[in-house]
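Here are the chains, one letter per residue:
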Amino acid sequence: NLPLVLGEQCVTSFDVCALVVSNASQARNLDRLVRARVEAGLYPREIEFLVLSDPEKGRVGSGGATILALEALQRHIGVGHSILLIHAGGESRRMPTYAPEGKLFAPIPLPSSSTFPPIVLDLQLTLFLKYPWLPGEVLVTSGDVVIDFDTNLVPRSRGEVYGFAKSESFAVGSEHGVFKFDRNRRTVVDFFQKESADFLEENASLEGTRDCALDLGIIGLNSKGIGRLLQLASAEISDGRRIVDSLKEGETHFDLYVEVLMGCIGSTTFGQFRKKVQRHTLANESTLKVVYEVLRETDLRATLVKNATFLHFGSLREYPESCEALANGNLRPFYQYDDAELRPTFASGTLLFNSSHCNVDIRQSVTNVCIEGCTNSNIALAGGN
């Protein structure tokens, strides 16, 4: 990667990619899969890939997992590294076909000349290898999405904690997180999670549009933002017990996109904060109080990006739709050029990839038939979706 000059700063790319998973078994599986791609020369050897696991005693949520990962990374590699942190855990109950490896390793229908089929992780790395990294920056994202946007417009000054959003309809916004900007779209005024379309239209519309600012799930942290979360980790909640101790015991659970982001809205009182998170949170009153006190003065910002792609791979219902969008789009893994030998094909309304010698009959007017990993197969009357 060529250096990117930002004022007087010169950075190349992130130097650590940390995958956070649910348990030790999943960690061993993902470590094996990543090592194979690195050793084959598919991924840059300059990037150190690490796989971290949630505590065995319980799930801690994306917020808790981020705190534990930051603490572990600080112990393991020290400070000052640019880190891509991907939450790649979960039991894949809504997409059981790829449960052993996790959604991050779900195959996607893109051209390739590699013996390794393209996967979701490939396109995640593609975005963040062209992102304008700052020294010591940490970016946190989810392992069940493919995201792309124009990284040339990412501002140099990004705040302690900062997010990325795209303009989207209120109906879509009602299923995700949404930033509320001021009328100039420069300041984050509030953050909502899975509110109704009517609520978003009234309270979170982008000035001059009938859209809202959909959270893309990428959260950035500068050194001060990292310090805030590590301060939260060491904060006491009761009887001298710290939040990090409670997380390691599986007793505390909170979400990066609920308690953490909502806690950074300095204009809200604790009562307002508690009311906003109560529909979503599993954290108790004392934990919420500590989160609020530590984070309420955080400099939270967000960027409304351009030319954004946001495809979710969280369930079998979404998988064929997202696959078709990728096959019809122009995204390519960072390692692939125009001379790809293996290409997905559309035949009779069916998308086939990583497959050979498959005969597929579909019902009339059926859409979203996705055939992956099949050989010498006859599939009669595929129903679609």
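Above this note sits the structure.
All values derive from a computational prediction rather than experimental measurement.

Now for the nonpolar core. Grouped together as the largest cluster of nonpolar side chains are 59 residues, with contacts concentrated most on F179, F181, L221, L232, L261, F273 and L295. Apart from residues lying up to four places away in sequence, F273 is in contact with E259, M262, G263, T268, L288, V291 and Y292. By size, the runner-up hydrophobic cluster in this structure holds 55 residues, among which are L19, L84, V145 and F353.

Once that is clear, we can look at the pairing of strand β14 (residues 300-304). Taken across its five residues, β14 has four buried, putting it largely inside the fold. Pairing of strand β8 (residues 161-168) with β14 involves five bridges; the strand directions are parallel. Paired with F164 across the strands is T303, a residue of β14.

Take the environment of T350 next. Structurally, the position occupied by T350 is in strand β17 (residues 350-353). Spatially, the C-alpha atom of T350 lies 46 Å from that of E160, the residues being 190 residues apart in sequence.

Attention shifts here to the sheet that holds strand β16 (residues 345-347). The strands that make up a sheet are held in pairs by hydrogen bonds between backbone atoms, and each pair lies either parallel or antiparallel. The mixed open sheet is built from three strands, whose spatial order is β16-β17-β19. Strand pairing shows two members of the sheet lacking a second neighbour, β16 and β19 (369-372), which therefore form its edges. Across the sheet, the mean angle from the axis of one strand to that of its neighbour is 25°, orientation sign disregarded. In this structure, β17 lies alongside β19, joined through four bridges in parallel fashion. By the bridge assignment for β19, T350 is matched with V369. Against the sheet, helix α11 (residues 318-327) makes contact with β16, β17 and β19, and its axis sits at roughly 80° relative to β17, the strand it touches most.

This brings us to unusual backbone geometry. Its identity is not glycine, yet R185 carries a phi of approximately 60°, on the positive side. Relative to the elements of secondary structure, R185 occurs in the loop between β9 (177-181) and β10 (188-193). In this structure R185 comes out as partly exposed when scored by relative accessible area, which is 30%. Notably, K194 is not glycine yet its phi reads approximately 50°, a positive angle.

Reading the values: rules and limits
- Residues numbered from 1 in each chain as written.
- Predicted model: local features only at pLDDT ≥ 70, side-chain atom pairs only at ≥ 80, totals over all residues.
- Heavy atoms only, no water.
- Core = buried A, V, L, I, M, F, W, Y, C linked by side-chain atoms within 4.5 Å.
- Buried < 20%, exposed > 50% of the residue type's maximum accessible area, 1.4 Å probe, protein only.
- Contact = heavy atoms within 4.5 Å.
- Helix = DSSP H or I, 4+ residues; strand = E, 2+ residues; numbered from the N terminus.
- Pairing = 2+ DSSP bridges.
- Axes fitted to C-alpha atoms, helices over the stretch in contact; angles between N-to-C directions.

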